[in-house]
Amino acid sequence: MEQIKKTVKKSIFKKDQHFYLAMEQKKQTVKKSIFKKDQHFYLAMMLPGIAFLLIFAYGPMFGLFMAFQDFVPAKGVFGSDFVGLDNFKYLFNLPDIWRVAYNTIFIAVGKIVLNTIIPIIFAILLNEIRVKGMKKYMQTIVYLPHFLSWVILGSVVVNLFNLDGAVNQLFEVVGLDSINFLGSNKVFPHLLIWTDVWKGFGYNSIIFLAAITSIDPGTYEAATMDGASWWQKVRHVTLPGMMPFIILMTILALPGILSAGFDQVYNLYSPPVYASGDVLDTYIYRIGLIGRDYSLGTAVGLIRSIVGLVLIYVSNKIAEKSTNRVMF
Amino acid sequence: MKNLKNKVLLSILALAPFILSACGGEQTEEAATNADGDIIMTVGQQTAPNSKLPEGDSFSDNAYRRLVKEKLGIELESAFEANGEDYDRQVSLAIASGDIPDMMVVSRDDLQELVDNDLVADLTEVYEEFASDQIKEIYGSYDGTTLDAATIDDQLMAIPGTTNDFGPNMVWIRQDWVDQLDIKLDEDGNHAITLDELESTAKAFQERDPEGNGRTQGLAIANWLTSGDHGSSGYTATAITNSFGAYPKVYLQDDNNEVYYGSNTEEMKESLTYLNKLFKEGILDSQFGTRTYDDINAMMVNGELGIVPGPWHISDWGLVQAKTANPDAEFVPYAIENENGDGKVNAVNKSATGGFVVIRKGFEKPEALIEMLNVVFDDVANSKDMENEYPELYEYAQLAVDGSVKPFNIELFPNESEIFDAKEATQAAKGEISIEEISKFVIQNNARKIKDYLDNPSDSDPSDWAVHASRTLAVNDVMGSTREANILNEIKPIVIFQTLDSQQRSGAQVGKLEEEMFIKFVTGEESLNNFDKYVSDWNSQGGTVILDEMQEVVDERE
Amino acid sequence: MKEKFGIRQFTIYTIVILLTLSCLIPMLNVVSLSLSSSAAVAGNKVGLWPVDLTMAAYERIVNDTQFWRSFGISVFRVFASLILNLFMIVTLAYPLSKSKRFFHARGLFMSIILFAMLFNGGMIPTYLIIKNLGMINSIWSLILPGAVPIGSVILVMNFFRGVPKSLEESAWLDGANPWNILTKIYIPISLPSLATVSLFSIVGSWNDFMSGLIYMTKIENYPLMTYIQSLSVNIAETLQNSSGMSSEQLQSLLAVSDSNLNAAKIVVAIVPLLLIYPFLQKYFVHGIVVGAVKE
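Residues numbered from 1 in each chain as written. Chains lettered and ligands numbered in written order. Predicted model: local features only at pLDDT ≥ 70, side-chain atom pairs only at ≥ 80, totals over all residues.

### Some points on the overall build of chain A
How we decide: Runs of H or I in DSSP of at least four residues are treated as helices and runs of E of at least two as strands, each being numbered from the N terminus. A residue is called partly exposed when the number of other C-beta atoms within 10 Å of its own lies between 12 and 20, exposed at 12 or fewer, and buried at 20 or more, with C-beta atoms placed from the backbone. We call two residues in contact when the distance between their C-beta atoms, placed using the backbone, is within 7 Å.
A tally of regular secondary structure across chain A gives 16 helices and two strands. Across the 328 residues that make up chain A, the buried fraction comes to 37%. A fraction of 67% describes how many contacts in chain A between residues 6 or more apart in sequence connect residues 24 or more apart.

What follows is the structure, given as structure tokens:
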């Protein structure tokens, strides 16, 4: 029995300890064969999904060799010349690469953080709307921007924020100096971050709304009976209940740290703000390499994947250490 | 678990043959035929977003394909259909999968790759044997440069389309505003104005706001500032820089045959200084740099711009929108006289090529391509009676169906034929010659439109005005007259068709440097004293290597 | 629980209403564009209200046979993808939600899945696989490659882990097999999360235009978003890359800026997504969990 308790303690699912204890005890009595049967069942269940991944995700991975080649389509991956790390060297020797990397990470981190926080806040606030029907309509409306491409939203944003746009006209009315949102290197990255948050907060809040609904209402009732205030309930019931999904969504967003949103930047930036707004994707696109140079594109993709892998691994470990819960 | 890993490995290996089979070439084979015994020829079909094709016709079934089938016994079948970048992607995918169509239009770089890997047919003999005299004459008018572009190791590997830049870059000025404000413009009548006239007109437009909307700008320029060819010179300062003797974004040779870059000259520095002055004085739009193309276009349509720089054909696709929105909006084109006061007009004359049509190596009937050229660019183009000989294509012309619907989306015109054609159309419209006698259908069509406009200028269709503006005003008057008056100083830049290795590696990088710095020079964010530093940055970031490689290519030609 | 409408509520309502209204702006703009004349659109005169009201754009759409053909392709694709995706999500998420003690090979499979999420071989190799499987121009090329939405698998796996173990335990003790436990306990309890990933699946496959551009070589086989994408021209970009284009080619390419027609197509394309939403919405609003958890 002591032995069982020990192994259970190591279990990653702390809150399920009772269950494991019960199971372990049961295991002593139930025949082992049932467990074996379950194994086969699980394996059989996963078979179709894994097969699809092998064909459509792993099948094309021979293409990763292109990152180390001077790939020529007519020669194919197996006929093109290997050039070692030349593509990576070329990439890191581009004169603006570090500035561009900084811009990318700055904008991407801003988006990851705010695209998590704002939808959480919105989900909690929306949950407070008690007027029947209103909540439904609002939910539908806030998803709308998500369905529009940046080509369209770009022109809306430009019309709102250029020097004679609606926002600056409003500034004029209240006596503020006008701001060249689209042409100032100080403001532009923030404009990118906030307009992206605006586009996506409704859609991103779906997952958190789903998380809130999965919180046991009994907990709220208990808290109310204990005289908890609204804020206390949010802090001690809602947020902890959502926490696994907050962590999960953050971890899943982390591999995006080197992609700051090509379509958005491409439709909003102009040469005066290249210094602050040029990100990896737009830079490489603009210097005309992605279209022609598949090898370089693959090299950039590979760097992204590796950085993503490291981030996911590390963040998962951190989550495990601090909350006793792994996400994967 | 080991077992499982093995299975994973096995499945991956099982896929390998599929992938490997993508390589491997074929030899000449018998072409497939359809039920009627026609040869089936697969093509990479370029498309256009709004083709204006009549009901029932499509890119896979249209008048051209029916004509080719009827005349040549060849049934064209699309291997893929796509537009612009998407087409280029399909070409790459076709090449990568080793399964290219029998015929397709590719870029010069794709052509090189196809030739290097022995995938396309040598057309030298079939061109000699089958091309009609008219077709050979068209290519002959370019002194062979166009065919040279498609010739690799002395073999003609593709049929190139033609395009040509010639004559001065222009600025288009609202004549109704000029009249309204009683501004004196081009008093010597040589269709060229001075920079001072340009500046004072811009100032007058801005200050006196003829449209009365309170938003009139003197001059607005897209943020790519200049252009290396006529086609993209709309909304750029190229014409202004030319008047300083600067030729941005092209490579030239000096008296010692040394290659230099047109954007990095002392003259360019002067042009930028001038533009900076205009910006400081507020004549150049204060939002220069962040203004998008669409913004400027909208300003033009709304009557907030009275001066629009653009190529001779901008009236057909750009200014016509302003004319539609406001029938009074009459833009008239002018060249700009040189800043040094020699009374001449600088211009760039550059031949280029459109796409390259290739035939898959092993296709049974490579001459099919040449025969189709003859049909499309000789028989049809020179038909005097389209309406009866080719009724379907006549209908296409009336509907303005997009040219991409042809079996190959290239154009074939004799060198500088636009001037002759415009002259002929203008003369015919004015009744000096008979419209029916004109040998080419396109010119006939233009002449009719110009005539419609001239007969009733105040109440004509905007598209008639557009043709009048581009053919009569821009080509015939400005291009033709400056040439006849011998005040044209035409510069011929270096033409290299393939992308050089150095350009592939650094061309875009130095291009970006130029774009970014020039905007700063104009807005004053960067002092023009740093122009020399920009030039040395340009050189060190790869420019020198490009110039050296280009020098080598040029020297080899001598 | 009755609460009175105090300052807190007032603030919350104000914030939520303002945010919601801001989200209406772009959509109103697109709808106005679609209802305005092309001249007004070119002049950038259209804001939140149509200028020179006209239904011409919608009339043209109704008569555009390819639009409706593509619409049908997209509808089929969305349904087939949804069924396939849900099947894959559940069959992968359920075993993976078990700890290593109960599903021994979990570590290996989790790695396979994570690796597939992070690394991809790129466009050309994927195209070669699809082509060699004979799926070019087949609707399955739009459905099968995206059969396993890995992010959704991980999401649902985490929802499954949150299912109270007490429920499973009692079922297990009653002799239920894993299949019964999945269908009788896990799936009913997880309906909100399944509704969420269904929405992701629907929106994702409806909006994806790239695979259509790559795997479909004929316009008649394009799904709706690919078709709409192929109709728009970026004029500034076209101009800058125009070298090698003859003036005739340039003219015909640039003369087709039909912004109001394109706006109308976008409006029509979004409508189905808005219609589907209320069906899924009830799962987000009422927690299904409520009834199930009460013991």
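### A closer look at the overall build of chain B
Our working rule: A radius of gyration in this sense is built from C-alpha atoms; the matching globule rule multiplies 2.2 Å by the number of residues raised to 0.38.
Helices and strands together make up the secondary structure of chain B, namely 21 helices and 15 strands. The C-alpha atoms of chain B give a radius of gyration of 26 Å, which matches the 24 Å a tight globule of 558 residues would have. In terms of overall dimensions, chain B has a C-alpha envelope of 80 × 65 × 55 Å along the principal axes. Within chain B, contacts between residues at least 6 apart in sequence are counted, and of these 75% link residues at least 24 apart.

### Some points on unusual backbone geometry
What you tend to see is this: most non-glycine residues have negative phi, and most peptide bonds are trans. Residue and element names in this part refer to chain C. You will see that D52, though not glycine, has its phi angle at about 50°, which is positive. Mapped onto the fold, D52 is located in the loop between α2 (38-42) and α3 (56-62). Unlike most non-glycine residues, N137 shows phi in positive territory, near 70°. Within the secondary structure, N137 sits in the loop between α6 (123-132) and α7 (140-143). The exposure class assigned to N137 is partly exposed, which follows from the 13 C-beta atoms found within 10 Å.

### Quick look at the packing of helix α10 (residues 188-213) of chain A against helix α11 (residues 191-207) of chain C
For clarity, the threshold we go by: For helices, the axis comes from a line fit to the C-alpha atoms of the stretch in contact; other axes are also lines fit to C-alpha atoms, and the angle between any two N-to-C directions lies between 0 and 180 degrees. Put simply, angles under 35 degrees are roughly parallel, angles over 145 are roughly antiparallel, angles from 65 to 115 are roughly perpendicular, and the rest are oblique.
Contact pair α10(A) / α11(C): the axes reach a minimum separation of 9 Å and the direction vectors enclose 170°. By the criterion of interaxial angle, the relationship of α10(A) to α11(C) is roughly antiparallel. On α11(C), the residues that touch A:I206, A:I207, A:A210 and A:T213 of α10(A) are C:P192, C:S193, C:T196 and C:L199.

### Side note on the confidence of the model for chain B
Definition in use: Every residue gets a pLDDT, meaning the predictor's confidence in that residue, from 0 to 100.
Within chain B, residue pLDDT values average 89, and 95% of them lie at 70 or more. For this predicted complex, the interface score ipTM comes out at 0.86, alongside a pTM of 0.86.

### Here we look at the domain arrangement of chain B
All names here are of chain B. This is how it is decided: Where a domain begins and ends is set by an automatic assignment or by a domain database. Here the nonpolar group is Ala, Val, Leu, Ile, Met, Phe, Trp, Tyr, Cys and Pro; Asp, Glu, Lys and Arg are the charged ones; every other residue, Gly included, is treated as polar.
Here chain B is partitioned into domain 1 (26-164 + 353-405), domain 2 (170-344 + 489-494) and domain 3 (414-484). The distance between the C-alpha centroids of domain 1 and domain 3 comes to 30 Å. Contacts between the two partners involve 11 residues from domain 1 and, on the opposite side, seven residues from domain 3. In the side of domain 1 that touches domain 3, the residues fall into five nonpolar, four polar and two charged.

### Looking at the confidence of the model for chain A
All names here are of chain A. Looking at chain A, pLDDT values average 85 and 88% of them are 70 or higher. Mean pLDDT across the elements of chain A bottoms out in helix α1 (residues 2-10) (49) and peaks in helix α6 (residues 97-128) (94). Ignoring residues within four places in sequence, the model shows residues 7-13, a span with pLDDT below 50, making 13 contacts including any to other chains.

### Description of the nonpolar core
As a reminder, the rule being used: Only buried Ala, Val, Leu, Ile, Met, Phe, Trp, Tyr and Cys residues enter a nonpolar core, and they are joined through C-beta atoms within 7 Å.
Core analysis: the largest hydrophobic core is formed by 294 residues, its most contacted members being B:V357, B:V358, C:A93, C:V153 and C:V156. In terms of residue count, the dominant contributor to this core is α10(A) (12 residues). If near-sequence neighbours (up to four positions away) are discounted, B:V357 is found in contact with B:M103, B:V105, B:A158, B:I159, B:L369, B:F408 and B:I410.

### Quick look at the interface of chain C and chain A
The interface of chain C with chain A comprises 69 residues on the first partner and 73 residues on the second. Looking at which element gives the most residues to the side of chain C that touches chain A, the answer is helix α1 (residues 7-34) of chain C, with 15 residues.

### Some details on the pairing of strand β1 (residues 39-46) of chain B
Spelled out, the test is: Crossover handedness is defined here as right-handed if the route from the first strand over the helix to the second strand goes clockwise, with the strands pointing away from the viewer.
With seven of eight residues buried, β1(B) lies mostly within the body of the structure. Between β1(B) and its parallel partner strand β2 (residues 74-82) of chain B, the chain crosses via helix α2 (residues 63-72) of chain B, and the hand of that crossover is right-handed.

### So, helix α12 (residues 293-301) of chain B
Buried within α12(B) are the following residues: B:D295, B:I296, B:N297, B:M299, B:M300 and B:V301. Residues of α12(B) that are buried in the fold lie against β11 (307-310) and α13 (314-325) of chain B together with α2 of chain C. Just past α12(B), the residue B:G303 takes up positive phi, approximately 75°.

### Some remarks on the sheet that holds strand β8 (residues 192-193) of chain B
Residue and element names in this part refer to chain B. The condition that has to hold: Note on pairing: DSSP must find at least two bridges between two strands before they are called paired.
Taking strand neighbours across the sheet as the criterion, the four strands line up as β8-β12-β7-β11 in an open arrangement whose pairing is mixed. With partners counted over all chains shown, the strands left at the sheet margins are β8 and β11, one partner each. Of the strand pairs in this sheet, β8 and strand β12 (residues 331-336) are connected by two bridges, and their pairing is parallel. Bridge pairing links A192 to A335 in β12. Each of β7 (170-174), β8 and β12 touches helix α19 (residues 462-484); the most contacted strand, β12, lies at about 20° to it.

### Topic: the packing of helix α20 (residues 501-523) of chain B against helix α21 (residues 531-557) of chain B
Residues and elements named next belong to chain B. Heads up, the condition is: Helix crossings are classified by the rotation of the near helix relative to the far one: an anticlockwise turn of less than a right angle makes the crossing left-handed, while a clockwise turn makes it right-handed.
Where α20 meets α21, the closest approach of the two axes is 8 Å, and the angle between their N-to-C directions is 160°. What the angle tells us is that α20 and α21 run roughly antiparallel. Helix-helix and strand crossings are classified by hand; for α20 and α21 the assignment is left-handed. Packed against α20, whose contacting residues are D501, S502, Q503, R505, S506, G507, Q509, V510, L513, E514, M517 and F521, the element α21 presents F531, Y534, D537, W538, Q541, G542, G543, V545, I546 and E549 at the interface. The class makeup of the residues in the contact of α20 with α21 is nine nonpolar, eight polar and five charged.

### Describing the environment of A:L302
Residues and elements named next belong to chain A. With respect to the helices, strands and loops of the structure, L302 is situated in helix α16 (residues 294-323). Looking at L302, the number of C-beta atoms within 10 Å reads 19, which means it is partly exposed. In this structure, the C-alpha to C-alpha distance between L302 and F65, residues 237 residues apart in sequence, is 9.9 Å. Dropping the residues within four chain positions of it, L302 is found in contact with L64 and A67.

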